[in-house]
Structures are given as C-alpha cells and as structure tokens.
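Here is what each chain is made of, one letter per residue.
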Amino acid sequence: MKYIPEIQRRKTFAIISHPDAGKTTLTEKFLLFGGAIQTAGAVKSNKIKKHATSDFMEIERQRGISVATSVMTFEYRDHLINLLDTPGHKDFAEDTFRTLTAVDSVVLVVDSVNGVEEQTRRLMEVIAMRKTPVIVYINKMDRDGKNRFDLLEEIEKELPIRLHPMTVPINSGKDFKGVYDLSKKRLVLFSPGSKAEDVLEISDLHTDALDRAIGEKDAAVLREDVELLEGVYGQLNVNDYLSGDIAPVFYGSAINNFGVKEMLDTFIDIAPTPRPRETTSRLVKPEEEKFSGFIFKIHANLDPKHRDRIAFLRVCSGKFSRNKYYRHVRLEKDVRFTNPYSFMARQKDVIEEAYPGDVVGLFDTGNFKIGDTLTEGESFYFTGIPSFSPEIFKEVSNKDPMKTKQLEKGLNQLTDEGVAQLFTQFGGNKKIIGCVGELQFEVIQYRLLQEYGASVQMNALPFYKACWITSKDPKKLLDFTRFKQANIAEDKDGHLVYLAQSEWFLQTERTNNPDIEFHFTSEIHK
Ligand code: G4P
C-alpha cells in the first residue's frame, strides 16, 4: 500500500483522432501547460526531426508518416500525466489499438468541420469494447464547421457513446466568440492568438454583462442553448464517465489554445488513476506491493545499425526497479534491466523506478512479444490485449532459397512486434501475412531485406477477414477445418482461423455451421 500516493498522482491516457483533426496540436498545448516544452512548435519539429534522422526506415521518411508511438510525461497540478501518442495513419491502426490497452482513459479529438471520420469509428469500437473512459474535444471551432447540435447528434449516432456537453459554443468560424462553461458557470471569450484567457464569471445568464460581452443576439441564443442543454443533460455523473458510458464534450480550437485548459482541468479532476487489471488468474490491483506489468508495443530499429528493439512496458502494480530480477512469465526465466528508460518523445532518460500507470522502455534483443507479462514470480498474463482481424492478406514467397532461415526468423520477429499477423495455411506451409493497411506490407518487405537479408515476393490473396474459429464440439470443428481446408490457417499461437473471401461467404458459413463460433478478435491470453 506504500505506493498509493504515487499511484494517485498518475493519469495515463492517449489522444486519438482521425489524421489532421488536431491531435499533434492538442498534444503540444498539453505539454506547454505541463511545462514539458517551452515553445509552440516543439512537438511538430520533433516530428520533422524524426523523419530527418529517420531512424526507423526510408519508407517513413519518404512518406512523411510518423510510425512511432512514443510516450510523453508531464506534470500538471501535482499530477503526473503519461500521454501515449498513437500513430495517426490508418495502416498502423493495430499499433493504436494496442496502445489503447495500456491507457486508463482517452481524449478523442473530432474536427468540427469534418465530423466523425472513418478512423475514429474503428478506434471507438475498441474503446467501447474495453469500456475506456473518453473525453471528447471538438476542435477547429474557429472554422466554419457543422452546427453545434448536429455535431453532437452525429457523434452520438456514429459512435457507440453517449455525450455530455460541458461547454456551449457561441457560433463558429469567424463569428466564434467562445464558450460558456456549464459546470463552472463562466464565459470564456475567444480571441485568436491570445495567450491569457478572457474569463467572465456569469452564474446568472440573465445579467446584462452577457449581452455586453457577446452582443444581444448571441446572448439570446446562448440563454436558449444553456436552458435546453441543462434540461436535457443536467450535471455530469462522473461514475457514468468512469464506466465508459458517457463522454464529456468540450468545444475549442487547439491551435489557438482555446478550450484546452478547461478540458485539461476537467481531465485532472475526473480521469481515472491507474485501474485494476484482469489477468488469467485474478484481478491485479495497482496498489499491490509486488510489481507486475505487460508489454503492449515493440518498437524496432531505433538505431538502424543495430537490430535492437524497445519493448514498451506498462506498469500495472507495485514498483518497477532498475537492476532487479523479474519473472518473464512466458519464457519462465528471470530477467533484469540495467537501462530501463522513460520517454519524453525521443529523449531517453534511464530511470531507477516506475509506478503503476508508467510506461518504461526496455531494451530488447528479441525476448519479448506483445502481451508478455513480467511479475515478481507469480504466473499470469494480463487479459484484454486482443489481436484484430487483418483486412489485407498476402502470401509470402521466398525469392532466395539460401535465405530460408533468415526469412523464417524475420517473419517471426516482425510479427512478434505486432507489425503484422502471420498465418500458416492449414495442412501446408504456405505463409500468409495479414495487415490492416498496404503500407505495412512495404514495411515488412523492406525490413526483411534490410535487417534479415531475405528477399520476398508478396502475392495478394482474395480474403477480406480472418475469423478465429472455436466450437464446443471438437469434432465439429475438426470436420469444418477439413472440409474448408483451403480457407483455414493457423495463427502464430496455433489458433485456427477461417479466412473469408467476403461478407457473403462468412455469413453463409455462419448459417450453415451453427456449432462453429466466428470471432473477429483473438485474445492473446485468455
Ligand atoms: P493531427 O496530429 O491530428 O494529424 O493534426 P495536427 O495537429 O497536425 O493538425 C492538422 C492541421 O490542423 C494543422 O494544419 C493544424 O495547424 C491545424 N489545426 C489544429 N488545430 C486547429 C484549430 O483549432 N483551428 C484551425 N483552423 N486549424 C487547426 P496544417 O496546415 O496541416 O499544419 P501546420 O502547417 O499548421 O503545421
């Protein structure tokens, strides 16, 4: 229990959005508030630097896409906040999904002009599945966006979530005048580029001060809006937020640093501290004396000259200490880390200790897989770290028979990192790679050649989903597997998957085989 003050200080979250909605800008504003950076533009320039030194691979530099997921730590109001960055590019969605398993809450940025976009929908499905608490930030109110209420309706209709507006915007675009904060009962006025916030405490909206501040017409609309919203929504029930049922909503303009502080303050007030986590044997509470944690991401090739990898460890309970031996549950061996480090974007600092909620970078030479657990001796795995069905499938063929071993090793290591999923044709040895996006195939092909010297050819396969199949009746499963052999493969852990050519085929098989269960996700550990 002695770690409770450390645990209660921490909040670990991710900002998610469709690319271009303003995630980077908002991240930067958070870091400025936290004093972690001093000048605007620092996060962006970091992005550029990343490409320039490019570390990871040529593809990234050429395409200008940040593949990296890093962790930024800053302090705000005596809290220690770990912000896990997620790659915006849709082809790396799997990476983002994994990162979501390591956070306790998320902030979702929605562009007021474009509303809900594809990428957001998919991420929200994962969040809803995990019941992760969400705060929504509707960005770019300085642009002529959708009607404020239409946006709320659209978000509620499109995403599996109920909303609770915390602020009411006054117009948008060039007429944007600011927001009224419903809980703090104050008007926050918008002046583009201004550093200090112009705040008017207005508890009674019928005061003339409101008309003077925003004009009679807008004051009248605001009064109506507030009456309506208060009638419909009332006070936010924090427990509904914490259970992932209701998401508070803020309107703002990240680039103008507007509406950011309101949200950050609310975040500090209500966002969960590190939560207990389910494992294969029991619920692990953060305040337990003994350390435990899991690997949610593996980042390869920080230095292209070495084939080194960084495994991202989320601490779940107890205290992690440098140089102490911990149990690597899957390998059944004790391991210790002489140079564990914390992240501040790219700067690495060796750390002595870390607490629940923290993310530690562990230098790895190939011992880790996504989902691996470290403990002080106990054997369990954290659950809820799923694999998602890939959407594009390709058969890998070796162009150089002399490099079969290298290819095998490369495929294994890259798929351990979670870059892609590897399937082996049932009853054969055809290797099939499944990814979420085309770009990942290029990454794999490039890395197999650069790092393992293996040259491969990839041929597209006509599948659209991989469904993990199970049945209560082992005989039925075996029959189905034999009968549908051309569509059956095994994943890396030996679980059976049915590769469906189309939705129609999948539905047909479902109807014809009521004893077989088809799953779109597979738990790494059950
Ligand atoms: P992302 O990380 O989600 O991909 O988005 P990012 O923050 O990079 O923002 C995407 C673009 O939207 C950037 O413009 C950024 O300046 C702009 N933006 C962010 N917040 C706001 C806002 O509140 N209002 C308006 N009008 N624009 C906003 P860019 O031209 O792509 O990049 P830059 O040249 O400004 O860096």
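1. Observations regarding the packing of helix 7 (residues 148–158) against helix 9 (residues 216–233)
Here comes step 1: For the pair helix 7 and helix 9, interaxial distance at closest approach is 12 Å and the crossing angle is 25 degrees. Considering their axes alone, helix 7 and helix 9 lie roughly parallel with respect to each other. In contact with Arg148, Phe149 and Leu152 of helix 7, helix 9 contributes Val221, Asp225, Leu228, Leu229 and Tyr233.
Here comes step 2: Residues belonging to the contact of helix 7 with helix 9 are distributed by class as follows: six nonpolar, no polar and two charged.

2. Remarks on the site of the ligand
Here comes step 1: Lining the immediate surroundings of the ligand are 17 residues, of which Asp20, Lys23, Thr24, Thr25 and Ser253 lie closest.
Here comes step 2: Between the ligand and Ser17, the relevant distance is 3.4 Å, taken from an oxygen atom to a side-chain nitrogen or oxygen of the residue.
Here comes step 3: For the ligand, the protein covers 68% of the area, taking 700 Å² as the surface of the free molecule.
Here comes step 4: The biggest single contributor to the shell around the ligand is helix 2 (residues 23–33), with three residues.
Here comes step 5: Residue classes in the shell around the ligand are distributed as four nonpolar, seven polar and six charged.

3. Here's the deal with helix 12 (residues 404–416)
Here comes step 1: With 13 residues, helix 12 extends 18 Å from end C-alpha to end C-alpha; this agrees with the ideal 18 Å at 1.5 Å per step.
Here comes step 2: Burial in helix 12 covers these residues: Leu407, Gly410, Leu411, Gln413, Leu414, Thr415 and Asp416.
Here comes step 3: The first or second residue beyond helix 12 is Gly418, which carries a positive phi of 85 degrees.

4. Some points on the nonpolar core
Here comes step 1: Of all hydrophobic cores here, the largest spans 65 residues; its most connected members are Phe320 and Leu362.
Here comes step 2: A per-element tally of this core places strand 15 (residues 309–317) first, with six residues.
Here comes step 3: In this structure, this core is formed jointly by two domains, domain 1 (4–170 + 233–270) and domain 2 (277–375), each of which donates at least three residues.
Here comes step 4: Beyond its immediate sequence surroundings of up to four residues, Leu362 is in contact with Ile295, Arg309, Ile310, Ala311, Leu313, Phe320, Phe337, Pro340, Phe368 and Leu374.

5. Quick word on the pairing of strand 1 (residues 10–17)
Here comes step 1: Most of strand 1 is tucked away, with eight of its eight residues classed as buried.
Here comes step 2: Every second residue of strand 1 is oriented toward a common face, with Arg10, Thr12, Ala14 and Ile16 on one face and Lys11, Phe13, Ile15 and Ser17 on the other, all of them buried.
Here comes step 3: One ladder, built from five bridges, connects strand 1 with strand 4 (residues 105–111); its direction is parallel. Residue pairing in the sheet places Ile15 in a bridge with Val107 of strand 4.

6. Concerning the packing of aromatic side chains
Aromatic ring pairs: the centre-centre distance and the angle between the two ring planes describe each pair.
Here comes step 1: Tallied over the entire structure, the rule returns 23 aromatic pairs.
Here comes step 2: Taking the centre distance of 6.0 Å and the plane angle of 90 degrees together, the rings of Phe480 and Phe518 count as edge-to-face. One end of the pair, Phe480, is in helix 14 (residues 474–483); the other, Phe518, is in strand 32 (residues 516–519), and 38 residues separate them in sequence.
Here comes step 3: Classification of Phe480 as buried rests on a relative accessible area of 4%.
Here comes step 4: Following the ring pairs from residue to residue traces out a cluster consisting of Phe291, Phe320, Tyr326, Phe337 and Phe368.
Here comes step 5: The positively charged end of Lys394 is found above the aromatic ring belonging to Phe441, 4.7 Å away from the centroid.
Here comes step 6: Against the face of Phe520 rests Lys465, its NZ or CZ located 5.1 Å from the ring centre.

7. A short note on the packing of helix 12 against helix 13 (residues 438–452)
Here comes step 1: As a packed pair, helix 12 and helix 13 sit with axes 10 Å apart at the nearest point and diverge in direction by 125 degrees. Looking at the two axes, helix 12 sits oblique to helix 13. Between helix 12 and helix 13 lies a crossing of right-handed hand. On the side of helix 12, the interface is formed by Gln406, Leu407, Lys409, Gly410, Leu411, Gln413 and Leu414, while helix 13 contributes Ile444, Arg447, Leu448 and Tyr452.

8. Looking at unusual backbone geometry
Here comes step 1: Phi is positive for Lys131, close to 55 degrees, though the residue is something other than glycine.
Here comes step 2: Looking at the secondary structure, you find Lys131 in the loop between helix 6 (118–130) and strand 5 (134–139).
Here comes step 3: A residue is classified by how much of its surface remains accessible, and Lys131, at 41% relative accessible area, is partly exposed.
Here comes step 4: Even without glycine at this site, Asn323 takes up a positive phi of about 70 degrees.
Here comes step 5: Along the polypeptide, Asn323 turns up in the loop between strand 16 (320–321) and strand 17 (326–328).

About the criteria used
Residues numbered from 1 in each chain as written. Predicted model: local features only at pLDDT ≥ 70, side-chain atom pairs only at ≥ 80, totals over all residues. Heavy atoms only, no water. Axes fitted to C-alpha atoms, helices over the stretch in contact; angles between N-to-C directions. Helix = DSSP H or I, 4+ residues; strand = E, 2+ residues; numbered from the N terminus. Parallel < 35°, antiparallel > 145°, perpendicular 65-115°, else oblique. Contact = heavy atoms within 4.5 Å. Nonpolar A, V, L, I, M, F, W, Y, C, P; charged D, E, K, R; others polar. Near = heavy atom within 4 Å. Polar contact = N/O pair within 3.5 Å; in protein donor to acceptor, adjacent residues only side chain to side chain. Areas by Shrake-Rupley, 256 points an atom, 1.4 Å probe, with all protein chains shown as cover. Expected span 1.5 Å × (residues − 1). Buried < 20%, exposed > 50% of the residue type's maximum accessible area, 1.4 Å probe, protein only. Core = buried A, V, L, I, M, F, W, Y, C linked by side-chain atoms within 4.5 Å. Domains from an automatic or database assignment. Pairing = 2+ DSSP bridges. Phe/Tyr/Trp six-rings, centres within 6.5 Å; stacked < 30°, edge-to-face > 60°. Lys NZ or Arg CZ within 6 Å of the ring centre and 35° of its normal. Left-handed = near helix turned anticlockwise from the far one by under 90°.

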